[in-house]
Amino acid sequence: MSDSAGSSSITVPEGFTLHTENTSHILISSKEEAFLNPVQEFNRDLSVACIRVWSEELNREKEAKWKQAQERRAKREAEGEVKTLQQKKAKTESTEPSNDLDDDLPGDVSTTGGISQSNKREYRPHKFVLLEALSATGLRSIRYAKEIPLVRFVIANDLSASATAAMKRNVELNGLGPSSPGPADSASSFTVSEHQPLPDRGKRRHVSMLSTLIRMVLLHPLSTGAVQCVNDGGKHPTGLLCVTCTDLSVLATTNYHEKCFSNYGGIPVKAEYCHEAALRLVLNTLSTSAGRYGRYIEPLLCLSIDFYVRLFVRIHSAPIEVKKTASKTAMYFVCQGCQAFYEQPLGRTVEKVQERSGNVNLVFKTQAGPPVPQKCTECGSALHVAGPMWSGSLHNNGFISKVLEHLGSNQDRYGTAVRMKGMLTVASEELHVPFYFTPSRIAGFFHSVCPPLDDVASALLNAGHTVSRSHALPGSLKTDATRQDVHDVFRSWVKKHPVRMDKVSETSLARQLLAKEARTEANFTRHPRSVTQASKVKLVRYQQNPAPNWGPGTKADTGTKRKREEENQ
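For every chain, the first residue of the written sequence is number 1, and numbering continues from 1 onward in sequence order. For this predicted model, a pLDDT threshold of at least 70 governs which residues receive local features, and a threshold of 80 or more governs which side-chain atom pairs are given and counted, while totals over whole chains, interfaces and linings are taken from all residues. Calculated side-chain values reflect all of the structure's heavy atoms, with hydrogen atoms and water omitted.

**Here's the deal with unusual backbone geometry**
Okay, step 1: Looking along the chain, the bond that leaves Gly369 and enters Pro370 is cis, with omega of -5°.
Okay, step 2: With an omega dihedral of 0°, the bond running from Gly387 to Pro388 counts as a cis peptide bond.
Okay, step 3: Secondary structure counts use DSSP, requiring at least four H or I residues in a row for a helix and at least two E residues in a row for a strand, with both numbered from the N terminus. Within the fold, Pro388 resides in strand 14 (residues 383-390).
Okay, step 4: Positive phi, close to 75°, is recorded for Phe435, a residue that is not glycine.
Okay, step 5: For the exposure calls, accessible area comes from a 1.4 Å probe over protein chains only, and a residue counts as buried if that area is under 20% of its type's maximum, exposed if over 50%, partly exposed in between. Accessibility expressed as a relative area gives 3% for Phe435, which makes it buried.
Okay, step 6: Residues other than glycine seldom take positive phi values, yet His447 does so here, at roughly 60°.
Okay, step 7: What makes His447 partly exposed here is its relative accessible area of 45%.

**Section: the pairing of strand 1 (residues 16-21)**
Okay, step 1: A strand pair is defined by DSSP finding two or more bridges across the two strands. Bridge count for strand 1 against strand 2 (residues 24-29) is 6 bridges, and the pairing is antiparallel. By the bridge assignment, Leu18 is partnered in strand 2 with Leu27.

**Some points on the nonpolar core**
What tends to happen in soluble globular proteins is that the nonpolar side chains get buried as a cluster.
Okay, step 1: Residue types Ala, Val, Leu, Ile, Met, Phe, Trp, Tyr and Cys, when buried and joined through side-chain atoms within 4.5 Å, form a set referred to as a nonpolar core. One finds Leu46, Ile51 and Leu301 to be the most contacted residues of the largest nonpolar core, which totals 42 residues.
Okay, step 2: The element that contributes the greatest number of residues to this core is helix 2 (residues 41-95), accounting for 9 residues.
Okay, step 3: Not counting chain neighbours up to four residues away, the residues in contact with Leu301 comprise Leu46, Cys50, Arg310, Leu311, Phe312, Leu394, His395, Phe399, Ile400, Leu424 and Ala427.
Okay, step 4: Counting residues in hydrophobic clusters, the runner-up holds 40 residues, among them Val230, Val250, Leu311 and Val334. Any two residues whose heavy atoms approach within 4.5 Å are treated as being in contact.

**Some details on the pattern of salt bridges**
Okay, step 1: For salt bridges, the criterion is a side-chain nitrogen of Lys or Arg within 4 Å of an Asp or Glu carboxyl oxygen. Under the counting rule described, the total for this entry stands at 28 salt bridges.
Okay, step 2: Across the salt bridge formed by Glu147 and Arg143, the nearest N and O atoms sit 2.9 Å from each other. Taken together, the residues span about one helical turn, with Glu147 and Arg143 both in helix 4 (residues 139-147) at a distance of 4 residues. Accessibility classification places Glu147 together with Arg143 in one group, the buried group.
Okay, step 3: Connected through shared salt-bridge partners, Glu378, Asp485, Asp488, Arg491, Lys516 and Arg519 make up one network.

So, in structure tokens, the structure goes:
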């Protein structure tokens, strides 16, 4: 959505172009002093919606706790006034006895008056502080300040001096700043700083909430500081961490596995589900960074989008939950032939119920392994080790439902609302199991014609398994069935659609897979749940090309290279 009326009244200086997104405007220099990729409007729209929903939910939690505290306080005040009246009454009776029956009543008026005074207290909405660590032009930060009602103020930061200058220029252009009152439903303060350290922990206790947003190519230099600075000043600090990583050439392939290990602490996957593995590697980095400080992560929404991954993770403080992290972390043995994967959890949590009291105690134990021999049990190919990575859920379905509800009533606020609705709907239906597959890829392993997507889903559902789509790749499926079960479905399909074995090499992968017989015959009868709710509605579930030659933008020219050349001359 664009604000044409507001942009028409802006004077654009020479050497600049005006870029408008929603109700925010920025000036882009022809010298490319700060980075901006217009294609990432979807990222910015999604961020505004998710942070707004999270802040409203947090405010409701705070309000519920405040009301409970007020009820307890009113009860204590009432009991205290009754006790005071009783003491006065006893003292009066000891000096001057009275036969008035009303003296036996426990001070109704005073008690009611005490409660009414406590009821006069009004709840003030909980507002939070928002930090964007690498802001570039400041467009994202300006949108946060304008479009999120419960943000107290925004701190925009960048390493580049030219980016900081661009931010200040754009902040003033939108009428924001430390002295600006701002709209009634937006942030009243905006701070721009050039690589300034954050206040120490003692000062941060006075901040209601610090929602740290990191937009970067490399996560590892900032992850430790990010999980520490998220703090609401409460007994058990909590906050939201939003992360974008664009270095999928490191995260989503084994070409630079040593770089991925040094940056993210894990080995990536070379398979068709490599983008989901990238999400899980980043989550593991955040989880291990948080665990060092007695904190743990709760993934709210983690998406693989275009050429980057975007994660919305809530940070909690609870040492007992940190102990469960090992059971949500796993290594994976990935077959280099058929891409079958075998999970090796690093730990397990056992619940023990006491017979007398009925209390449940958690016992943390190591996990036996390995789950497979040295060769793949399906095709006999070599296995490569990947991980460690996060093996828990990627999404919180309740949170996604609230974002979709917000989107339905505010669709005109977001320029990419149609795509947001489609991707969020697919993510809400996604199974909480690791890794997806595409029937076309597996059909290629068998050298067979590809079965329709609904036929494969129906065969798995008829066998008693569950199936969903994956947001990360068009035409993909996720299931709780093993890869052996999936291969059995294709072996049954090959019986109905034979493969010309004279065209298959003796040493090929297809011959190894077809050498095995299916344990059970697959039933391809159309299952009613093979068509998901997202498929029944016409939704833009996957990205269409927004512009020719689109993709990651080029790095901004900070002027450092020019300065070096001038010095050399």
